[in-house]
Amino acid sequence: MKNKFLKYPLILAIVGIICAFCLAIVYWITNPIINERNIQKAKEAIEELYPNVETVEDVSKGYDNLDQYSISTIYDLTTGGEKKASAYQAVGKGYSGDIVYLIVLSNEEEKIIGISFISNSETSGYGADLIANEEFVAWFKDLPFNKLDKGTDLSTGATKTMNGIKKSVTKVIDFHSTVREDK
Amino acid sequence: MEEKVKFKNIIKTGVFTENPILVSALGLCPLLAVSTRVDNAIGMSFAVFAVLLLSNITISLIRKLVPNEIRIPIFIIVIATFVSCIESLMKAFTPELHESLGIFIPLIVVNCLILGRAEAFASKNKVLPSIIDAVGMSLGFGLVLIVFSLVREIISTQTLTFSNPFNTTQSFTLTLLPELKISLFGQAAGAFFALGVMFAITAAFHNRPKKEKKEVK
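Computed from a prediction, not measured in an experiment: that's the story for all the values here.

Draft legend 1. Focus on the packing of helix H7 (residues 127-157) of chain B against helix H8 (residues 188-206) of chain B. Residue and element names in this part refer to chain B. At a closest axis distance of 11 Å, the pairing of H7 and H8 adopts a crossing angle of 125°. In this view, H7 runs oblique relative to H8, as classed from their interaxial angle. In this structure, H7 crosses over H8, and the sense of that crossing is right-handed. Counted together, Val144, Phe148 and Arg152 of H7 and Ala191, Ala194, Leu195 and Met198 of H8 form the full contact between these two elements.

Draft legend 2. A nonpolar patch on the surface, seen in detail. Residue and element names in this part refer to chain A. A cluster of nonpolar side chains, contributed by Phe21, Ile25, Trp28 and Ile29, occupies part of the molecular surface with about 480 Å² of accessible area. The topology assignment puts Trp28 in helix H1 (residues 2-49). Looking at Trp28, the relative accessible area reads 69%, which means it is exposed.

Draft legend 3. Inspection of the interface of chain B and chain A at higher detail. Each partner contributes to the interface: chain B provides 19 residues, whereas chain A provides 20 residues. Counting the surface lost from both chain B and chain A, the interface buries some 1,900 Å², and carbon and sulfur atoms represent 75% of this. Ranking the residues of chain B by area buried against chain A places Ile70(B), Ala92(B) and Glu99(B) at the top, with a combined share of 24%. At the junction of chain B with chain A, the criterion picks out 0 salt bridges. At the junction of chain B with chain A, the criterion picks out 3 residue pairs in polar contact (both at pLDDT 80 or more). Contributions of two or more residues to the side of chain B that touches chain A are made by helix H4 (71-93) and helix H5 (95-101) of chain B. A per-element tally of the side of chain B that touches chain A places H4(B) first, with 12 residues. Looking at the side of chain B that touches chain A, its residues break down into 12 nonpolar, 4 polar and 3 charged.

What counts as what
Residues numbered from 1 in each chain as written. Chains lettered and ligands numbered in written order. Predicted model: local features only at pLDDT ≥ 70, side-chain atom pairs only at ≥ 80, totals over all residues. Heavy atoms only, no water. Axes fitted to C-alpha atoms, helices over the stretch in contact; angles between N-to-C directions. Helix = DSSP H or I, 4+ residues; strand = E, 2+ residues; numbered from the N terminus. Parallel < 35°, antiparallel > 145°, perpendicular 65-115°, else oblique. Left-handed = near helix turned anticlockwise from the far one by under 90°. Contact = heavy atoms within 4.5 Å. Patch = residues over 30% accessible without salt bridge, like charges linked within 9 Å, V, L, I, M, F, W, Y side chains within 5 Å. Areas by Shrake-Rupley, 256 points an atom, 1.4 Å probe, with all protein chains shown as cover. Salt bridge = Lys/Arg side-chain N within 4 Å of Asp/Glu carboxyl O. Buried < 20%, exposed > 50% of the residue type's maximum accessible area, 1.4 Å probe, protein only. Buried area = accessible area lost by both parts, 1.4 Å probe. Polar contact = N/O pair within 3.5 Å; in protein donor to acceptor, adjacent residues only side chain to side chain. Nonpolar A, V, L, I, M, F, W, Y, C, P; charged D, E, K, R; others polar.

So, in structure tokens, the structure goes:
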């Protein structure tokens with residue numbers, strides 16, 4: 001009996017360690033590819049949302065409290081030698097998991113220039129359809145910061161996804177308006 | 001020769017006599033969820049095949065080392081590991097397919113088909129028959145999933161779209177049944193309706209009156 005008491009956890013631990021090792025190898029192979037693709041996608045999305053952009057500079061390293069605002073990357077966007085807008089790659093909590101998006105905010109006016117969704121794990125037919133909905137994406141275009149709370153007229157079955165995105169965008173705007181006063 | 005017949009029977013069992021969806025009613029969750037498009041169905045079939053194959057091989061290899069009392073947690077750890085590996089690989093190399101399958105890739109862990117075959121077959125048989133079993137069961141699962149998706153996609157969108165899973169900009173669309181469009185088939189309710197019809201057809205086929213053999217005097 002005592003033998004089994006030690007033997008079974010030991011076997012489970014060994015199986016767990018072997019599986020963790022296999023996962024680590026796969027992660028080591030795939031993670032750089034996934035990261036590189038996300039960065040490339042972000043750059044393409046910025047150019048689509050803000051065609052006037054001349055240079056895109058990653059300035060995330062200057063901030064150490066990004067997790068608090070669900071922001072993963074910050075880009076300064078320069079036009080005519082001036083930093084006229086900022087782009088943020090952030091993560092919202094949807095119904096089924098993380099929703100990674102890119103949002104461009106104006107430095108001159110208090111408004112959102114545009115938003116683009118990079119990846120999500122939402123359910124097809126609900127959250128995933130909302131994110132793919134052109135009307136929903138267009139609603140963010142040139143939206144003043146103070147009108148975000150009022151919401152959209154779009155009727156969807158994905159309330160949790162919608163609220164998760166709005167909550168995360170509010171956090172990003174808060175960061176943009178308060179922490180990045182020097183922008 | 002005997003081995004060949006045995007392997008043929010294993011395949012036949014997976015595809016027809018014990019088809020995981022039509023006969024055992026296993027793996028219905030992905031069937032209902034990802035069958036809106038044939039592309040997704042093909043992707044899910046390959047993902048299930050990869051996980052089932054790898055888990056059957058591993059479980060068959062370790063079957064004599066695994067104590068009976070803790071076999072289920074070990075099977076689940078093994079299956080979850082392979083599902084996570086397949087998910088990471090899909091995210092890296094077929095990101096569009098990964099996005100369209102979404103949450104249903106990690107949910108392969110709880111697909112009764114995988115655990116069912118680990119418990120019923122791989123844990124009691126050698127590696128080669130376990131591989132054949134994985135092929136047969138995946139074929140049975142994949143064929144039904146693809147046919148089910150074909151019906152749903154054609155009826156709900158009037159079209160059939162195929163995309164390159166490695167580059168979704170490469171795709172072509174066929175317009176079929178321009179007169180018939182029932183959007184309901186693209187939604188959850190339509191999936192249940194189509195599933196009911198499919199089960200009814202299968203039951204009718206299995207319960208069909210059989211011809212009585214003439215007695216030979």
